[in-house]
Amino acid sequence: MRVLETFTADRSVQSASQIGRRAALPSSTAHRIVDELVDAGLLGRDEDRRVHLGMRLWELALRGSTALRLRQAALPYMERVQTHIRQHTQLAVLEQDEALFLERLSHPDAGANITRIAGRLPLHASSSGLVLLAHAPADLRERVLAQPLRALAPETVTDPGRLRRLLAGVRRDGVAIAQGSIESVSTGVAVPIRDAGEVVAALSVVLPRQAPHTAAIIALREAVTGIEATLRSPR
């Protein structure tokens, strides 16, 4: 795991020595583990013997994945939202106290958005994260509120009391609106997706800051109705 976790969205290719340093492993151990993972197909090597994540890892990750099922259920409805708003449409789940983004659709002329597929954002900072945190188990919510809340932008909510009130509003209204929380020029709007009564994901759009929210909220809620019906259908 320490070897695999040295790979990031910005660091997709490394040498075995770099992996060893970043994983805090002795060089000989790092080279041995990398060789074993390459043999198993979990890592691969290019012609310069640089190491990258292997296709076998991708294959295993998709087998029986609840994330894959959720993405497949959501994607047709995300496309409808995206056709309507022509900005960014995103799907996120709660994963280890962060919002993990499973899918993102973006129009070529859309505004700023730092979200990446398989990327993560703090729960308190994005509209998707706010939805997930608002509906998370109470112990997780308290754990997040007790930690320092990092500011990603000047308007990120970092005061625990204000965040607590904001989360109560998200639960009451069924929508999170985060204006300038990640980037000052953008507003995130997110709604919850439920499966068997539990919130399992957040569907969101990222709009230009001054764009109206009403049409986006309607489009998101209509999409969620379809997604939830798909999730309820026999598998």
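Here the structure is shown first, and the text comes after it.
Rules behind the numbers
Residues numbered from 1 in each chain as written. Predicted model: local features only at pLDDT ≥ 70, side-chain atom pairs only at ≥ 80, totals over all residues. Heavy atoms only, no water. Helix = DSSP H or I, 4+ residues; strand = E, 2+ residues; numbered from the N terminus. Buried < 20%, exposed > 50% of the residue type's maximum accessible area, 1.4 Å probe, protein only. Contact = heavy atoms within 4.5 Å. Pairing = 2+ DSSP bridges. Axes fitted to C-alpha atoms, helices over the stretch in contact; angles between N-to-C directions. Salt bridge = Lys/Arg side-chain N within 4 Å of Asp/Glu carboxyl O. Expected span 1.5 Å × (residues − 1).

Colleague: A description of the environment of Pro-208 should follow, citing residues and the corresponding values.
Modeller: Here Pro-208 is to be found in strand 8 (residues 198–208). For Pro-208, a relative accessible area of 34% puts it in the partly exposed group. Contact partners of Pro-208, with chain neighbours within four places excluded, come to Gln-87, Val-185, Ser-186 and Thr-187.

Colleague: Which residues make up the sheet that holds strand 6 (residues 176–179), and what values do they have?
Modeller: Taken in spatial order, the six strands line up as 5-4-3-8-7-6 in an open sheet, and their pairing is antiparallel. Each of the sheet's edge strands pairs with one partner strand only, and the pair in question is strand 5 (120–122) and strand 6. This sheet shows a mean twist of 30° between the axes of neighbouring strands, independent of strand direction. Along the sheet, helix 5 (residues 127–134) makes contact with strand 3 (88–95), strand 4 (98–106), strand 6, strand 7 (186–195) and strand 8, crossing strand 7 at roughly 35°.

Colleague: How would you summarise the pattern of salt bridges if you had to cite specific residues and measurements?
Modeller: Think of it this way: side chains of opposite charge can pair up when their charged atoms draw near. Scanning the entire structure with this criterion turns up 13 salt bridges. One salt bridge connects Glu-36 with Arg-32, and the closest N-O pair in it is separated by 3.5 Å. Separated by four residues within a single helix, Glu-36 and Arg-32 lie in helix 2 (residues 27–40), roughly one turn from each other. Between Asp-97 and Arg-143 there is a salt bridge, and its shortest N-O distance comes to 2.9 Å. Taken together, the residues span a long stretch of sequence, with Asp-97 in the loop between strand 3 and strand 4 and Arg-143 in helix 6 (residues 138–146) at a distance of 46 residues. Accessibility expressed as a relative area gives 25% for Asp-97, which makes it partly exposed.

Colleague: Run through helix 8 (residues 214–232), naming residues and quoting values.
Modeller: Taking 1.5 Å per residue as the helical rise, helix 8 with its 19 residues ought to reach 27 Å, and the 27 Å between its terminal C-alpha atoms agrees with that figure. Where helix 8 is concerned, the buried positions are Ala-216, Ile-217, Ala-219, Leu-220, Ala-223, Val-224, Gly-226, Ile-227, Glu-228 and Leu-231. Residues of helix 8 that are buried make contact with helix 4 (66–85), strand 6, strand 7 and strand 8.

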